[in-house]
Amino acid sequence: MNFTAKERERFDFAVIAHWIPHGERVLDLGCGDGKLLRYLRETKGIAGYGVEIDPASVLGCIRNNVDVIQIDIEGGLSGFEDGSFNHVIISQALQAMHATERILSEMLRVAEEAVVSFPNFAYCANRAAIAAGHMPVSEDLPYEWYETPNVRFFTIVDFEALCTKLGITIRERLAFDDAGQIVTDDPNLNGSLAFYRLGRAS
Amino acid sequence: MVTPQRVCFDESLVLKSGAVLPGFELAFETYGTLNAARSNAVLICHALSGGHHVAGVYADNPKNVGWWDNLVGPGKPLDTNKFFVVGVNNLGGCFGSTGPLSINPQTGKRYGADFPMVTVEDWVAAHARLADHLGIDTWAAVMGGSLGGMQAVEWSLRFPDRIRHAVVIASAPKLSAQNIAFNEVARQAIISDPDFHGGHYAAHGVVPARGLRLARMIGHITYLSDSQMGEKFGRQLRHGEHQFSYDVDFEIESYLRYQGDKFARFFDANTYLITTKALDYFDPAFSYNDDLAAALARAKADFFVASFSTDWRFSPARSREIVFALLHNRRRVVYAEIDCDAGHDSFLLDDAHYHAVLRAYLENISI
């Protein structure tokens, strides 16, 4: 089974929305055209802000009536106060940023809990592509190597090791294959897309 | 086609300085139609050299196009098919509102240097009387660029229940020392002009044109970006070779002289002095221990804040100060940092992306 782009987007949104209680204050980093925040506003009544650097995406946010702040978060989240949000989200955008460690640490400074989703580079179909001599192009890694905005290629195992290094607690993890089926058996092999709820180590 | 209007307020106005204006007139223009619910009114606040002629042209002078005509009109980003737009000349101005060129009722002569200093707060107090006069209880939006943006911020603080959206473009929460320094050089250029006569030049039948011209030349340098000036003028020579004289050698000299001369012909020197002081004094955080977030706590409006990448007069960092102070107060805010080569003056241009984001924001405003 294959999702249409719209179904896929809704599926991602639904997974994230499941973790966001009603009426929260939410910050979405790399928010694109603001559709996730709009979805969370409409389904969860959240008060949210998006952060985006791309001018066309900023315009998209405004057209979606989403409050967007156009700044570059590669330099960190200074300006955002400690604990000023309930949840901070980075939905399939972490792999497109350089300052991975800094951004992850900063997320848990400005919010009580972080929600992170990213494409798992070690997904079996990706491994097969590499084994066949090619960079993977898939549902969750939809770009050719010469046009990808992604700059960090990592796996579920890699990500969890970084969380340990940064003193970040993994509160919950969900992995899905490219048909959107939940994966429990060896997620690093069978999961195409991973979602995390992260907190500070107490 | 638009016709300027005037309204006279007889009640005196106590200014921030403590001085009292025994009454005053405001010159204004309107575009579009106020709806039955009176919910579609937008106030445009002008910057240093602007006025109430925001859009359109006058019947007797089709060449005199309003200063924000590319933004305001039917089908334009601030669409007058939807909004009722009001442009006003600030108190102390020289385009029709009571100012240094007006007759002082106590002496029967022009105010000149006796016109009291007015501040951004005083302008907003005067604007509120205009709103009352027009039957506008709440503005759908108050917007402005540069000094105009400061007035939009002040509106949100002084009358939090009378403004639903503040549109603050290429502005700053207060001037930096460098900003004040440029203003002071401009003022000294005017004040040291032998034709200034302590501000009572009108009584001598002259204007301090040399000083005003210099002030404008200095201002213009700060309105443009280095890269744009380089692109537009570079080191182009007027005569193709060095003249070894103090006449125009480089095209940039010619440009500044032209801009200075043009300005000195229509702008009043006392208004220039007053307006630069109003800029210098504006600082809503002053009485809040420099805590801008505390100062903005009163605001209830939603905000649109925009800055321009090459604006070094009011750089993007200055706009971000406003944005983060608003975030602290959990106000709704959209912030766009627009990539535009034209420096501070970008806010007056019809850059496609700038106008697209502004249009999108204004389309979201319910009326």
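Colleague: It is not clear to me how the overall build of chain B should be interpreted in this structure. Could you clarify?
Modeller: Broken down by element type, chain B carries ten helices and twelve strands. Computed over C-alpha atoms, the radius of gyration of chain B comes to 20 Å, within 12% of the 21 Å expected from 2.2 N^0.38 for 367 residues, which places it in the range of a compact globule. When the backbone C-alpha atoms are referred to their principal axes, chain B occupies close to 65 × 50 × 50 Å. Considering only contacts within chain B whose residues lie at least 6 apart along the sequence, 71% involve residues at least 24 apart. Taken as a whole, chain B presents about 15,000 Å² of accessible surface, with 52% of it coming from carbon and sulfur. Of the charged side chains in chain B, 33 are positive and 40 negative, and the gap between their average positions amounts to 3 Å.

Colleague: Is there a simple way to explain helix H2 (residues 35-44) of chain A in this structure?
Modeller: One turn of an α-helix holds 3.6 residues; hence residues three or four places apart share an orientation. Residue and element names in this part refer to chain A. Burial in H2 covers these residues: Leu36, Leu37, Tyr39 and Leu40. One side of H2 holds all its buried residues, which, seen down the axis, span an arc of 160°. Just downstream of H2 lies Gly45, where phi reads positive at about 60°.

Colleague: Teacher, can you tell me more about the packing of aromatic side chains here?
Modeller: Aromatic rings considered in pairs are described by the distance between their centres and by the relative angle of their planes. Tallied over the full model, the rule gives 31 aromatic pairs over all chains. Summarising the aromatic geometry, the rings of Phe80 of chain A and Phe324 of chain B are spaced 5.1 Å apart at their centres and angled 80° between planes, so their arrangement reads as edge-to-face. Here Phe80 of chain A is found in the loop between strand E3 (67-70) and strand E4 (85-91), whereas its partner Phe324 of chain B is found in helix H9 (residues 316-328) on a different chain. Just as Phe80 of chain A is buried, Phe324 of chain B falls in that class too. Counting every residue linked through ring pairs, the aromatic cluster contains Phe95, Phe263, Phe266, Phe267 and Tyr272 of chain B. One Lys or Arg, Arg162 of chain B, reaches over the ring of Phe159 of chain B and ends 5.8 Å from the middle of that ring.

Colleague: Just to check I follow, could you spell out the pairing of strand E1 (residues 25-29) of chain A for this structure?
Modeller: Two faces, one strand: in a regular strand the side chains alternate between the faces of the sheet. Residues and elements named next belong to chain A. Taken across its five residues, E1 has five buried, putting it largely inside the fold. By the alternation rule, side chains of E1 split into Arg25, Leu27 and Leu29 and Val26 and Asp28, which are all buried. Relative to strand E2 (residues 47-52), E1 runs parallel, the two sharing five bridges. Within E2, the residue paired with Arg25 across the bridge is Ala47.

Colleague: Help me understand the pattern of salt bridges, please; the structure alone is not making it clear to me.
Modeller: Counting across every chain of the model gives 24 salt bridges over all chains. The salt bridge involving Lys76 of chain B is made with Asp69 of chain B; its shortest N-O contact spans 3.2 Å. Residue classification places Lys76 of chain B among the partly exposed residues on the basis of a relative accessible area of 25%. Its salt-bridge partner being Asp193 of chain B, residue Arg210 of chain B comes within 3.5 Å of it at the nearest N-O pair. One end of the pair, Arg210 of chain B, is in helix H4 (residues 209-223); the other, Asp193 of chain B, is in the loop between helix H3 (177-191) and H4, and 17 residues separate them in sequence. For Asp193 of chain B, a relative accessible area of 5% gives the class buried. Connected through salt bridges with shared partners, the residues Glu113, Arg171, Glu172 and Arg197 of chain A form a single ionic network.

Colleague: Which parts of the structure should I look at to understand helix H1 (residues 120-134) of chain B?
Modeller: Residues and elements named next belong to chain B. Helix length check: H1 (15 residues) gives 21 Å between terminal C-alpha atoms against 21 Å at 1.5 Å per residue, within 8%. Most of H1 sits out of view: 13 of its 15 residues are buried. Two residues or fewer after H1 comes Gly135, characterised by a positive phi angle close to 75°.

Colleague: I would appreciate a short explanation of the packing of H3 of chain B against helix H7 (residues 269-281) of chain B in the present structure.
Modeller: Each pair of packed helices gets described by two things: the angle between the helix axes and the distance between those axes. Residues and elements named next belong to chain B. Taken N-terminus to C-terminus, the directions of H3 and H7 make an angle of 160°; their axes are 10 Å apart at the nearest point. As the angle between them shows, H3 and H7 are arranged roughly antiparallel. Crossing of H3 over H7 shows left-handed handedness. Note on element contacts: H7 touches H3 through Ala269, Tyr272, Leu273, Thr276, Lys277, Leu279 and Asp280, opposite Ile180, Asn183, Ala186, Arg187, Ile190 and Ile191. Broken down by class, the residue content of the contact of H3 with H7 amounts to eight nonpolar, two polar and three charged.

Here is what the cut-offs are and how they apply
Residues numbered from 1 in each chain as written. Chains lettered and ligands numbered in written order. Predicted model: local features only at pLDDT ≥ 70, side-chain atom pairs only at ≥ 80, totals over all residues. Heavy atoms only, no water. Helix = DSSP H or I, 4+ residues; strand = E, 2+ residues; numbered from the N terminus. Rg over C-alpha atoms; globule rule 2.2 N^0.38 Å. Contact = heavy atoms within 4.5 Å. Areas by Shrake-Rupley, 256 points an atom, 1.4 Å probe, with all protein chains shown as cover. Lys, Arg positive; Asp, Glu negative; His and termini not counted. Charge placed at Lys NZ, Arg CZ, Asp CG, Glu CD. Buried < 20%, exposed > 50% of the residue type's maximum accessible area, 1.4 Å probe, protein only. Arc of directions from axis to C-beta. Phe/Tyr/Trp six-rings, centres within 6.5 Å; stacked < 30°, edge-to-face > 60°. Lys NZ or Arg CZ within 6 Å of the ring centre and 35° of its normal. Pairing = 2+ DSSP bridges. Salt bridge = Lys/Arg side-chain N within 4 Å of Asp/Glu carboxyl O. Expected span 1.5 Å × (residues − 1). Axes fitted to C-alpha atoms, helices over the stretch in contact; angles between N-to-C directions. Parallel < 35°, antiparallel > 145°, perpendicular 65-115°, else oblique. Left-handed = near helix turned anticlockwise from the far one by under 90°. Nonpolar A, V, L, I, M, F, W, Y, C, P; charged D, E, K, R; others polar.

Structural measurements only, silent on function.
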